[in-house]
Amino acid sequence: MRLILVSLFLIIYSFFTIPMCLVEWAVGKVNPQKKAVIAQRCVVAGFKIILFISGVKLTIKGEENILHDRAALYTYNHRGFFDILVGYTTAPMRTAYVSKKEIENVPMISWWMKCMNCLFLDREDIKQGMKTILDGIELMKNGTSIYIAPEGTRNTGDGVLEFHDASFKLADKSKSPIVPVAINNTDEVFEKHLPWIHSQHVIIEYCTPIYMESMDKKEKKRVGETVRQIISEKIKQNAQEI
């Protein structure tokens, strides 16, 4: 039943996208940053409705660590589709996600993502991958936060996969803080019950920001593992509350 309701909502939302194309186009001509904010507000509103229909009880921890006055790199553990929903409904304005290249070909979803300046990473093409990282650095320098899963793919096992060090170049080169984000139980909403959606308790915790400029060379080389350990520990702690 929840799957049917979410599907119906997405169909209705698709019709809403049609007039919004014109609005976003007009706003983007005058103020590209405002275009991204309007798009994010629309997406967040839609995601909140989907979470409600899906029966997700969301607990947010560490809200004081969400940085609203500057761009930051939000690094999260990737468990499922609902990671994006709980991430965007709690993230600051303006925030862009780094997604796999294949999503760029998905109608409606890719349009909204492009409006929010989301990046599409080609994991098979090193040259294009570096260009995506450079584009992300520029976005962060201009005040847009980035949400990225350093595991590089959805984790279907226990624990947290190894992090790709390239992800942290976004923070290092833009001189932005890193905010580790630990997410529990999103895969229990959808992926573990495909194709059905199940009501679940999901916890998202924003951890204390990390500032790379205060690190020495050795610490910077290990920043990926440091962030991974922080997220892993929070996941273990929060699992006891579900």
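These remarks concern the structure in this document. Just so it is clear, the model here is predicted, and its values are computed rather than measured. (Residues numbered from 1 in each chain as written. Predicted model: local features only at pLDDT ≥ 70, side-chain atom pairs only at ≥ 80, totals over all residues. Heavy atoms only, no water.)

**Overview of the overall build of the protein**
- A count of helices and strands for the protein gives eight helices and seven strands.
- Taken over the C-alpha atoms alone, the protein extends approximately 50 × 45 × 35 Å along its principal axes.
- Scored against the burial criterion, the 242 residues of the protein give a buried share of 48%.
- Within the protein, contacts between residues at least 6 apart in sequence are counted, and of these 74% link residues at least 24 apart.
- When the accessible surface of the protein is split by element, carbon and sulfur atoms take 58% of a total near 12,600 Å².
- Computed over 31 positive and 27 negative side-chain charges, the separation of the two mean positions in the protein equals 4 Å. (Helix = DSSP H or I, 4+ residues; strand = E, 2+ residues; numbered from the N terminus. Buried < 20%, exposed > 50% of the residue type's maximum accessible area, 1.4 Å probe, protein only. Contact = heavy atoms within 4.5 Å. Areas by Shrake-Rupley, 256 points an atom, 1.4 Å probe, with all protein chains shown as cover. Lys, Arg positive; Asp, Glu negative; His and termini not counted. Charge placed at Lys NZ, Arg CZ, Asp CG, Glu CD.)

**Let's talk about the pairing of strand β7 (residues 201-206)**
- For β7, the buried fraction is high: six of the six residues fall into the buried class.
- Neither face of β7 is exposed, since His201, Ile203 and Glu205 on one face and Val202, Ile204 and Tyr206 on the opposite face are all buried.
- Bridge count for strand β1 (residues 57-61) against β7 is five bridges, and the pairing is parallel. Opposite Lys61, over in β7, you have Glu205 as the bridge partner.
- Sheet analysis places strand β6 (residues 178-184) next to β7, joined by four bridges and oriented antiparallel. Of the residues in β7, the one forming a bridge with Ala182 is Glu205. (Pairing = 2+ DSSP bridges.)

**Some details on unusual backbone geometry**
- With an omega of -10 degrees, the peptide bond running from Met93 to Arg94 counts as cis.
- Topologically, Arg94 is positioned in the loop between α3 (82-88) and β3 (95-100).
- The residue after Leu194, namely Pro195, is reached through a cis peptide bond having omega 0 degrees.
- The phi dihedral of Met108 falls on the positive side, at around 65 degrees, and the residue is not glycine.
- Locating Met108 in the fold gives a position in the loop between β3 and α4 (109-115).

**A few points about the packing of aromatic side chains**
- Counted according to the given criterion, the structure contains 14 aromatic pairs.
- Between Tyr97 and Tyr147, the aromatic rings sit 4.8 Å apart at their centres with planes inclined by 15 degrees, giving stacked as the arrangement. Of this pair, Tyr97 sits in strand β3 while Tyr147 sits in strand β5 (residues 145-148), placing them 50 residues apart in sequence. Each member of the pair Tyr97 and Tyr147 is classed as buried.
- By the ring-pair criterion, three or more aromatic residues cluster together here, those being Phe47, Tyr74, Tyr76, Tyr88, Tyr97, Tyr147 and Tyr206. (Phe/Tyr/Trp six-rings, centres within 6.5 Å; stacked < 30°, edge-to-face > 60°.)

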